[in-house]
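Structural characterization, general
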Amino acid sequence: MIQDGTLSIRVNGEHRRVRDGLTIADLALELGLEPTKVAVERNLEIVPRSTLGEVRVEDGDEFEIVTFVGGG
Amino acid sequence: MEDRWEVAGRSFTSRLIVGTGKYKDFEQNAAAVEASGAEIVTVAVRRVNISDPGQPLLTDHIDPKRYTYLPNTAGCFTAEDAIRTLRLAREAGGWDLVKLEVLGEAKTLYPDMRETLRATEILVREGFLPMVYCVDDPIAARQLEEAGAVAIMPLGAPIGSGLGIQNRVTIRLIVEGANVPVLVDAGVGTASDASVAMELGCDGVLMNTAIAEAKDPILMARAMKLAVEGGRLAYLAGRMGQRRYADPSSPLAGLI
(Lines give C-alpha, C1' and ligand atoms only; values in the text may rest on other atoms or scores of the structure.)
Protein backbone atom coordinates (compact mmCIF):
# COMPACT_ATOMS: atom_id res chain seq x y z
CA MET A 1 0.00 0.00 0.00
CA ILE A 2 1.22 3.48 -0.69
CA GLN A 3 0.70 6.48 1.52
CA ASP A 4 -2.57 7.75 0.05
CA GLY A 5 -4.51 4.75 1.36
CA THR A 6 -5.09 3.15 -2.03
CA LEU A 7 -4.32 -0.39 -3.10
CA SER A 8 -2.69 -1.50 -6.32
CA ILE A 9 -4.53 -4.41 -7.96
CA ARG A 10 -5.02 -5.96 -11.38
CA VAL A 11 -8.46 -6.69 -12.80
CA ASN A 12 -8.63 -8.78 -15.99
CA GLY A 13 -5.04 -7.93 -16.72
CA GLU A 14 -5.43 -4.17 -16.22
CA HIS A 15 -3.79 -2.26 -13.42
CA ARG A 16 -6.08 -0.30 -11.09
CA ARG A 17 -5.93 1.66 -7.89
CA VAL A 18 -8.78 1.27 -5.46
CA ARG A 19 -9.33 2.59 -1.99
CA ASP A 20 -8.61 0.39 0.98
CA GLY A 21 -11.40 -1.45 2.78
CA LEU A 22 -13.44 -2.66 -0.22
CA THR A 23 -14.94 -6.12 -0.36
CA ILE A 24 -14.91 -7.92 -3.71
CA ALA A 25 -18.64 -7.23 -4.07
CA ASP A 26 -17.91 -3.52 -3.54
CA LEU A 27 -15.20 -3.70 -6.18
CA ALA A 28 -17.60 -5.30 -8.68
CA LEU A 29 -20.20 -2.62 -8.03
CA GLU A 30 -17.59 0.13 -8.45
CA LEU A 31 -16.71 -1.40 -11.80
CA GLY A 32 -20.37 -1.25 -12.79
CA LEU A 33 -20.89 -5.01 -12.52
CA GLU A 34 -23.72 -6.92 -10.90
CA PRO A 35 -21.98 -9.30 -8.43
CA THR A 36 -24.66 -11.98 -8.94
CA LYS A 37 -23.91 -12.17 -12.67
CA VAL A 38 -20.16 -12.70 -12.57
CA ALA A 39 -17.65 -15.20 -11.25
CA VAL A 40 -14.46 -14.04 -9.60
CA GLU A 41 -11.04 -15.61 -9.39
CA ARG A 42 -8.59 -13.99 -6.98
CA ASN A 43 -4.92 -14.90 -7.25
CA LEU A 44 -5.91 -18.04 -9.21
CA GLU A 45 -8.41 -19.18 -6.54
CA ILE A 46 -12.17 -19.11 -7.08
CA VAL A 47 -13.97 -16.80 -4.68
CA PRO A 48 -17.33 -18.41 -3.85
CA ARG A 49 -20.13 -16.05 -4.79
CA SER A 50 -21.57 -16.34 -1.29
CA THR A 51 -18.42 -14.75 0.14
CA LEU A 52 -17.96 -11.87 -2.35
CA GLY A 53 -19.48 -9.51 0.21
CA GLU A 54 -17.04 -10.60 2.90
CA VAL A 55 -13.64 -11.05 1.27
CA ARG A 56 -11.59 -7.84 1.32
CA VAL A 57 -9.51 -6.62 -1.57
CA GLU A 58 -5.83 -6.60 -0.66
CA ASP A 59 -2.84 -4.83 -2.14
CA GLY A 60 -1.35 -6.77 -5.04
CA ASP A 61 -4.46 -8.88 -5.66
CA GLU A 62 -4.96 -10.15 -9.19
CA PHE A 63 -8.58 -10.67 -10.20
CA GLU A 64 -10.24 -12.34 -13.12
CA ILE A 65 -13.90 -11.41 -13.40
CA VAL A 66 -15.84 -13.39 -15.99
CA THR A 67 -19.36 -13.91 -17.22
CA PHE A 68 -21.16 -16.02 -19.80
CA VAL A 69 -21.00 -14.85 -23.41
CA GLY A 70 -22.20 -16.36 -26.67
CA GLY A 71 -20.20 -19.38 -27.79
CA GLY A 72 -20.40 -22.70 -29.58
CA MET B 1 -44.67 -41.97 -27.97
CA GLU B 2 -42.38 -39.67 -26.12
CA ASP B 3 -38.76 -40.07 -27.11
CA ARG B 4 -36.60 -38.48 -24.46
CA TRP B 5 -32.90 -38.79 -23.83
CA GLU B 6 -30.88 -38.45 -20.68
CA VAL B 7 -27.47 -37.11 -19.86
CA ALA B 8 -26.07 -37.40 -16.35
CA GLY B 9 -29.54 -38.14 -14.98
CA ARG B 10 -31.15 -35.09 -16.63
CA SER B 11 -33.89 -35.75 -19.15
CA PHE B 12 -34.49 -33.75 -22.34
CA THR B 13 -36.91 -33.89 -25.26
CA SER B 14 -34.94 -31.93 -27.83
CA ARG B 15 -31.90 -33.69 -29.27
CA LEU B 16 -30.54 -30.49 -30.74
CA ILE B 17 -28.05 -28.45 -28.73
CA VAL B 18 -27.26 -25.05 -30.18
CA GLY B 19 -24.42 -22.62 -29.68
CA THR B 20 -24.86 -18.92 -28.96
CA GLY B 21 -21.88 -17.52 -30.86
CA LYS B 22 -21.51 -15.63 -34.16
CA TYR B 23 -25.03 -14.14 -34.21
CA LYS B 24 -25.71 -10.62 -35.46
CA ASP B 25 -27.22 -9.63 -32.12
CA PHE B 26 -28.87 -11.10 -29.04
CA GLU B 27 -32.36 -10.71 -30.52
CA GLN B 28 -31.51 -12.87 -33.52
CA ASN B 29 -29.73 -15.32 -31.28
CA ALA B 30 -32.70 -15.66 -28.94
CA ALA B 31 -35.13 -16.08 -31.85
CA ALA B 32 -32.94 -18.78 -33.40
CA VAL B 33 -32.72 -20.69 -30.12
CA GLU B 34 -36.49 -20.48 -29.80
CA ALA B 35 -37.02 -21.74 -33.38
CA SER B 36 -34.55 -24.60 -32.87
CA GLY B 37 -36.57 -26.00 -29.99
CA ALA B 38 -33.28 -26.60 -28.14
CA GLU B 39 -33.37 -27.04 -24.39
CA ILE B 40 -29.59 -26.83 -23.96
CA VAL B 41 -27.41 -23.98 -25.23
CA THR B 42 -23.64 -23.81 -25.18
CA VAL B 43 -22.05 -20.66 -23.81
CA ALA B 44 -18.51 -19.40 -23.42
CA VAL B 45 -16.84 -17.90 -20.36
CA ARG B 46 -14.98 -14.65 -20.94
CA ARG B 47 -13.68 -11.63 -19.06
CA VAL B 48 -16.32 -8.99 -18.40
CA ASN B 49 -15.85 -5.78 -20.33
CA ILE B 50 -14.68 -3.42 -17.62
CA SER B 51 -14.28 -0.44 -19.93
CA ASP B 52 -17.96 -0.70 -20.94
CA PRO B 53 -19.78 -2.57 -18.15
CA GLY B 54 -23.25 -1.45 -19.26
CA GLN B 55 -23.31 -3.69 -22.34
CA PRO B 56 -26.21 -6.15 -22.64
CA LEU B 57 -25.57 -9.63 -21.29
CA LEU B 58 -26.38 -12.99 -22.84
CA THR B 59 -28.28 -13.94 -19.70
CA ASP B 60 -30.64 -11.00 -20.25
CA HIS B 61 -31.73 -12.44 -23.61
CA ILE B 62 -31.45 -16.21 -23.21
CA ASP B 63 -32.89 -17.05 -19.84
CA PRO B 64 -30.72 -19.50 -17.88
CA LYS B 65 -33.82 -20.61 -15.99
CA ARG B 66 -35.52 -21.67 -19.21
CA TYR B 67 -32.51 -23.11 -21.05
CA THR B 68 -29.81 -25.32 -19.61
CA TYR B 69 -26.56 -23.40 -20.04
CA LEU B 70 -23.73 -25.69 -21.06
CA PRO B 71 -20.51 -23.74 -20.45
CA ASN B 72 -17.73 -24.65 -22.86
CA THR B 73 -13.97 -24.34 -22.81
CA ALA B 74 -13.60 -23.13 -26.39
CA GLY B 75 -10.25 -21.50 -26.93
CA CYS B 76 -8.47 -23.58 -24.27
CA PHE B 77 -5.38 -25.42 -25.43
CA THR B 78 -4.31 -27.05 -22.15
CA ALA B 79 -6.10 -29.12 -19.51
CA GLU B 80 -5.24 -26.45 -16.92
CA ASP B 81 -6.85 -23.62 -18.90
CA ALA B 82 -9.97 -25.69 -19.50
CA ILE B 83 -10.29 -26.67 -15.84
CA ARG B 84 -9.75 -23.09 -14.68
CA THR B 85 -12.44 -21.90 -17.09
CA LEU B 86 -14.95 -24.49 -15.91
CA ARG B 87 -14.31 -23.76 -12.25
CA LEU B 88 -15.24 -20.16 -12.99
CA ALA B 89 -18.24 -21.29 -15.04
CA ARG B 90 -19.48 -23.40 -12.15
CA GLU B 91 -19.25 -20.41 -9.86
CA ALA B 92 -20.98 -18.16 -12.38
CA GLY B 93 -23.79 -20.59 -13.09
CA GLY B 94 -23.91 -22.95 -10.16
CA TRP B 95 -24.11 -26.17 -12.15
CA ASP B 96 -21.82 -29.08 -12.94
CA LEU B 97 -22.86 -30.12 -16.45
CA VAL B 98 -20.20 -28.69 -18.76
CA LYS B 99 -18.75 -29.09 -22.22
CA LEU B 100 -15.06 -29.84 -22.23
CA GLU B 101 -12.98 -29.14 -25.28
CA VAL B 102 -9.21 -28.93 -25.25
CA LEU B 103 -7.90 -27.90 -28.62
CA GLY B 104 -4.68 -29.03 -30.24
CA GLU B 105 -4.10 -26.33 -32.85
CA ALA B 106 -5.82 -23.26 -34.24
CA LYS B 107 -5.77 -24.34 -37.88
CA THR B 108 -7.97 -27.43 -37.53
CA LEU B 109 -9.32 -26.89 -33.99
CA TYR B 110 -8.81 -30.61 -33.61
CA PRO B 111 -9.00 -31.79 -30.01
CA ASP B 112 -5.80 -32.64 -28.15
CA MET B 113 -6.88 -36.01 -26.81
CA ARG B 114 -4.04 -36.44 -24.31
CA GLU B 115 -4.96 -33.15 -22.63
CA THR B 116 -8.69 -33.84 -23.06
CA LEU B 117 -8.44 -37.17 -21.25
CA ARG B 118 -6.33 -35.66 -18.47
CA ALA B 119 -8.78 -32.78 -18.03
CA THR B 120 -11.72 -35.20 -17.97
CA GLU B 121 -10.14 -37.20 -15.13
CA ILE B 122 -9.47 -34.08 -13.05
CA LEU B 123 -12.91 -32.57 -13.68
CA VAL B 124 -14.67 -35.78 -12.69
CA ARG B 125 -12.67 -35.88 -9.45
CA GLU B 126 -13.87 -32.32 -8.77
CA GLY B 127 -17.49 -33.31 -9.22
CA PHE B 128 -18.05 -31.97 -12.73
CA LEU B 129 -20.21 -33.79 -15.29
CA PRO B 130 -18.24 -33.26 -18.50
CA MET B 131 -19.69 -33.75 -21.98
CA VAL B 132 -16.53 -34.13 -24.00
CA TYR B 133 -15.66 -32.94 -27.51
CA CYS B 134 -13.35 -35.52 -29.03
CA VAL B 135 -11.90 -37.15 -32.12
CA ASP B 136 -13.92 -39.82 -33.92
CA ASP B 137 -11.85 -42.63 -32.44
CA PRO B 138 -13.81 -45.44 -30.75
CA ILE B 139 -10.89 -46.27 -28.46
CA ALA B 140 -10.47 -42.67 -27.31
CA ALA B 141 -14.24 -42.52 -26.80
CA ARG B 142 -14.11 -45.59 -24.57
CA GLN B 143 -11.24 -44.13 -22.57
CA LEU B 144 -13.21 -40.92 -22.04
CA GLU B 145 -16.21 -42.90 -20.88
CA GLU B 146 -14.03 -44.87 -18.46
CA ALA B 147 -12.67 -41.57 -17.14
CA GLY B 148 -16.21 -40.43 -16.36
CA ALA B 149 -17.34 -38.42 -19.38
CA VAL B 150 -21.14 -38.19 -19.23
CA ALA B 151 -21.42 -37.78 -23.01
CA ILE B 152 -19.09 -38.42 -25.93
CA MET B 153 -19.12 -35.69 -28.58
CA PRO B 154 -17.04 -36.56 -31.63
CA LEU B 155 -16.57 -34.12 -34.47
CA GLY B 156 -18.23 -34.88 -37.80
CA ALA B 157 -15.84 -32.43 -39.51
CA PRO B 158 -13.72 -29.52 -38.23
CA ILE B 159 -15.45 -26.89 -36.07
CA GLY B 160 -17.11 -24.20 -38.16
CA SER B 161 -16.31 -25.96 -41.46
CA GLY B 162 -19.85 -26.95 -42.42
CA LEU B 163 -18.45 -29.95 -44.32
CA GLY B 164 -21.07 -32.38 -43.03
CA ILE B 165 -20.54 -35.79 -41.45
CA GLN B 166 -17.27 -36.95 -43.01
CA ASN B 167 -16.84 -40.02 -40.84
CA ARG B 168 -20.00 -42.12 -40.79
CA VAL B 169 -18.13 -45.36 -40.18
CA THR B 170 -16.30 -44.18 -37.07
CA ILE B 171 -19.27 -42.25 -35.66
CA ARG B 172 -21.30 -45.42 -36.00
CA LEU B 173 -18.58 -47.44 -34.22
CA ILE B 174 -18.57 -44.96 -31.35
CA VAL B 175 -22.37 -45.11 -31.08
CA GLU B 176 -22.28 -48.91 -30.96
CA GLY B 177 -19.60 -49.00 -28.30
CA ALA B 178 -20.79 -46.26 -25.98
CA ASN B 179 -22.86 -46.57 -22.82
CA VAL B 180 -23.30 -42.81 -22.51
CA PRO B 181 -24.97 -40.47 -25.00
CA VAL B 182 -23.09 -39.75 -28.22
CA LEU B 183 -23.63 -36.39 -29.90
CA VAL B 184 -22.01 -35.15 -33.07
CA ASP B 185 -20.36 -31.88 -32.13
CA ALA B 186 -19.06 -29.83 -35.05
CA GLY B 187 -19.15 -30.25 -38.79
CA VAL B 188 -22.85 -29.91 -39.57
CA GLY B 189 -23.42 -27.49 -42.46
CA THR B 190 -27.04 -27.96 -43.41
CA ALA B 191 -30.16 -29.82 -42.35
CA SER B 192 -29.40 -33.11 -44.13
CA ASP B 193 -26.10 -33.35 -42.20
CA ALA B 194 -28.00 -33.27 -38.92
CA SER B 195 -30.30 -36.01 -40.20
CA VAL B 196 -27.29 -38.13 -41.17
CA ALA B 197 -25.89 -37.83 -37.64
CA MET B 198 -29.21 -38.89 -36.15
CA GLU B 199 -29.67 -41.76 -38.63
CA LEU B 200 -26.32 -43.13 -37.49
CA GLY B 201 -27.88 -43.54 -34.04
CA CYS B 202 -26.45 -40.52 -32.30
CA ASP B 203 -28.41 -39.31 -29.29
CA GLY B 204 -28.14 -35.72 -30.43
CA VAL B 205 -26.35 -33.07 -32.44
CA LEU B 206 -24.60 -29.92 -31.32
CA MET B 207 -24.15 -27.05 -33.74
CA ASN B 208 -23.54 -23.32 -33.88
CA THR B 209 -22.17 -22.00 -37.16
CA ALA B 210 -24.60 -23.91 -39.41
CA ILE B 211 -27.42 -21.87 -37.90
CA ALA B 212 -25.64 -18.60 -37.09
CA GLU B 213 -24.04 -18.21 -40.54
CA ALA B 214 -27.12 -19.22 -42.54
CA LYS B 215 -28.61 -16.38 -44.62
CA ASP B 216 -31.70 -16.68 -42.43
CA PRO B 217 -30.57 -18.15 -39.10
CA ILE B 218 -34.06 -18.38 -37.64
CA LEU B 219 -35.39 -20.36 -40.60
CA MET B 220 -32.32 -22.60 -40.52
CA ALA B 221 -32.84 -23.19 -36.80
CA ARG B 222 -36.29 -24.53 -37.59
CA ALA B 223 -34.89 -26.63 -40.43
CA MET B 224 -32.36 -28.15 -38.01
CA LYS B 225 -35.09 -28.93 -35.49
CA LEU B 226 -37.04 -30.84 -38.13
CA ALA B 227 -33.92 -32.52 -39.53
CA VAL B 228 -32.89 -33.81 -36.12
CA GLU B 229 -36.40 -35.09 -35.47
CA GLY B 230 -36.62 -36.64 -38.95
CA GLY B 231 -33.25 -38.34 -38.61
CA ARG B 232 -34.16 -39.68 -35.19
CA LEU B 233 -37.46 -41.10 -36.44
CA ALA B 234 -35.71 -42.70 -39.42
CA TYR B 235 -33.19 -44.32 -37.08
CA LEU B 236 -35.98 -45.65 -34.86
CA ALA B 237 -37.98 -46.82 -37.88
CA GLY B 238 -35.01 -48.76 -39.26
CA ARG B 239 -34.13 -48.03 -42.84
CA MET B 240 -34.67 -50.45 -45.73
CA GLY B 241 -31.82 -52.51 -47.05
CA GLN B 242 -29.89 -51.24 -50.03
CA ARG B 243 -29.91 -53.07 -53.37
CA ARG B 244 -27.63 -52.78 -56.34
CA TYR B 245 -30.49 -52.77 -58.86
CA ALA B 246 -34.11 -51.70 -59.14
CA ASP B 247 -37.04 -53.38 -57.41
CA PRO B 248 -40.49 -52.25 -58.65
CA SER B 249 -42.93 -50.90 -56.10
CA SER B 250 -46.04 -51.78 -58.14
CA PRO B 251 -47.10 -55.44 -58.47
CA LEU B 252 -45.95 -57.28 -61.56
CA ALA B 253 -49.01 -59.56 -61.50
CA GLY B 254 -52.14 -58.39 -63.35
CA LEU B 255 -50.34 -56.21 -65.87
CA ILE B 256 -52.57 -55.53 -68.87
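One structure accompanies this document, and this report is about it. (Residues numbered from 1 in each chain as written. Chains lettered and ligands numbered in written order. Predicted model: local features only at pLDDT ≥ 70, side-chain atom pairs only at ≥ 80, totals over all residues. Heavy atoms only, no water.)

Let's shift gears to the overall build of chain B. Counting its secondary structure elements, chain B contains nine helices and ten strands. Whereas a compact globule of 256 residues would reach a radius of gyration of roughly 18 Å, chain B reaches 19 Å, a difference of no more than 12%. Burial analysis of chain B (256 residues in total) assigns 50% to the buried set. Put simply, of all contacts in chain B between residues at least 6 apart along the chain, 64% involve residues at least 24 apart. About 12,300 Å² of surface is accessible on chain B, with carbon and sulfur atoms providing 52% of the total. Measuring between centres, the 27 positive side-chain charges of chain B sit 2 Å from its 33 negative side-chain charges. (Helix = DSSP H or I, 4+ residues; strand = E, 2+ residues; numbered from the N terminus. Rg over C-alpha atoms; globule rule 2.2 N^0.38 Å. Buried < 20%, exposed > 50% of the residue type's maximum accessible area, 1.4 Å probe, protein only. Contact = heavy atoms within 4.5 Å. Areas by Shrake-Rupley, 256 points an atom, 1.4 Å probe, with all protein chains shown as cover. Lys, Arg positive; Asp, Glu negative; His and termini not counted. Charge placed at Lys NZ, Arg CZ, Asp CG, Glu CD.)

Here the focus is the packing of aromatic side chains. On inspection of all chains with the given rule, the structure shows four aromatic pairs over all chains. On the numbers, 6.0 Å between centres and 10 degrees between planes, the contact of A:Phe68 with B:Trp95 is stacked. Linking A:Phe68 in strand E5 (residues 62–70) with B:Trp95 in the loop between helix H3 (79–93) and strand E6 (97–100), this pair reaches from one chain into another. Residue classification places A:Phe68 among the buried residues on the basis of a relative accessible area of 6%. Overall, B:Trp95 belongs to the partly exposed group, its relative accessible area being 21%. Taken together, the ring pairs connect A:Phe68, B:Tyr69 and B:Trp95 into an aromatic cluster. Here the basic side chain of B:Arg90 rests over the ring of B:Phe128, its NZ or CZ set 3.8 Å away from the ring centre. Over the ring of B:Tyr133 we find B:Lys99; its NZ or CZ atom is 5.9 Å from the centre of that ring. (Phe/Tyr/Trp six-rings, centres within 6.5 Å; stacked < 30°, edge-to-face > 60°. Lys NZ or Arg CZ within 6 Å of the ring centre and 35° of its normal.)

A pair of packed helices can be characterised by two numbers: the angle between their axes and the separation between those axes. Residue and element names in this part refer to chain B. Close contact between helix H4 (residues 113–125) and helix H5 (residues 138–147) brings their axes to 9 Å; oriented N to C, the two are set at 15 degrees. The angle between the axes of H4 and H5 places the two elements in the roughly parallel class. Every pair of crossing elements has a handedness; the one defined by H4 and H5 is right-handed. On the side of H4, the interface is formed by Met113, Thr116, Leu117, Thr120, Glu121 and Val124, while H5 contributes Ala140, Gln143, Leu144 and Ala147. Looking at the contact of H4 with H5 residue by residue, the class counts come to six nonpolar, three polar and one charged. (Axes fitted to C-alpha atoms, helices over the stretch in contact; angles between N-to-C directions. Parallel < 35°, antiparallel > 145°, perpendicular 65-115°, else oblique. Left-handed = near helix turned anticlockwise from the far one by under 90°. Nonpolar A, V, L, I, M, F, W, Y, C, P; charged D, E, K, R; others polar.)

Think of interface size as the accessible area that goes away when the parts come together; that is how it is often given. On the chain A side, the residues contacting the 29 residues of chain B number 26 residues. Inspection of the chain B/chain A interface yields three salt bridges. A:Glu41 is the salt-bridge partner of B:Arg84, the closest N and O atoms lying 2.5 Å from each other. Sorting the residues of the side of chain B that touches chain A by element identifies strand E4 (40–47), helix H2 (58–61), strand E5 (68–71) and H3 of chain B as the ones contributing at least two each. Here the element with the most residues in the side of chain B that touches chain A is H3(B); it accounts for seven residues. By residue class, the composition of the side of chain B that touches chain A is 14 nonpolar, seven polar and eight charged. Pairing of E5(A) with E4(B), which is carried by five bridges, proceeds in the antiparallel orientation. Looking at E4(B), one finds that A:Gly70 is bridged to B:Val43. (Salt bridge = Lys/Arg side-chain N within 4 Å of Asp/Glu carboxyl O. Pairing = 2+ DSSP bridges.)

For the rest of this paragraph, the subject is the sheet that holds E6(B). All names here are of chain B. Strand order in this open sheet of three strands is E6-E7-E8, and the pairing throughout is parallel. On the outer flanks of this sheet lie E6 and strand E8 (151–154), each paired with one strand and no other. On average, each strand axis in the sheet is inclined to that of its neighbour by 20 degrees, with strand direction left out of account. As paired elements, strand E7 (residues 129–134) and E8 share four bridges and run parallel to each other. By the bridge assignment, Val132 is partnered in E8 with Ile152.

Below, the discussion takes up a nonpolar patch on the surface. Taken together, the side chains of B:Leu233, B:Tyr235 and B:Leu236 make up a nonpolar region of the molecular surface, amounting to roughly 270 Å² of accessible area. Within the secondary structure, B:Leu233 sits in helix H9 (residues 217–237). (Patch = residues over 30% accessible without salt bridge, like charges linked within 9 Å, V, L, I, M, F, W, Y side chains within 5 Å.)

What follows concerns the nonpolar core. Formed by 68 residues in total, the largest nonpolar core has its most connected members in B:Ile152, B:Met207, B:Ile211 and B:Met224. Of the residues forming this core, the biggest block, seven residues, is contributed by H3(B). The residues contacting B:Met207, other than those within four sequence positions of it, are B:Leu16, B:Ile17, B:Val18, B:Gly19, B:Val188, B:Ala194 and B:Met224. Counting residues in each nonpolar core, the second largest holds 20 residues, with A:Val11, A:Leu22, A:Ala28 and A:Val57 among its members. (Core = buried A, V, L, I, M, F, W, Y, C linked by side-chain atoms within 4.5 Å.)

A word on the environment of B:Gly127. Residue and element names in this part refer to chain B. Turning to its location among the elements, Gly127 is positioned in the loop between H4 and E7. Distance in space between the C-alpha atoms of Gly127 and Leu97 is 9.6 Å, their sequence separation being 30 residues. When residues no more than four places from it in sequence are discounted, the contact partners of Gly127 are Arg90 and Asp96.

All names here are of chain A. Going residue by residue along strand E3 (residues 39–42), you find Ala39 and Glu41 tucked away on one face and Val40 and Arg42 tucked away on the opposite face as well. Pairing between E3 and strand E4 (residues 45–47): three bridges, direction antiparallel. Bridge pairing in E4 places Arg42 opposite Glu45. Here E3 folds back onto E4 in antiparallel fashion, the turn holding two residues, of which Asn43 has a positive phi close to 50 degrees.

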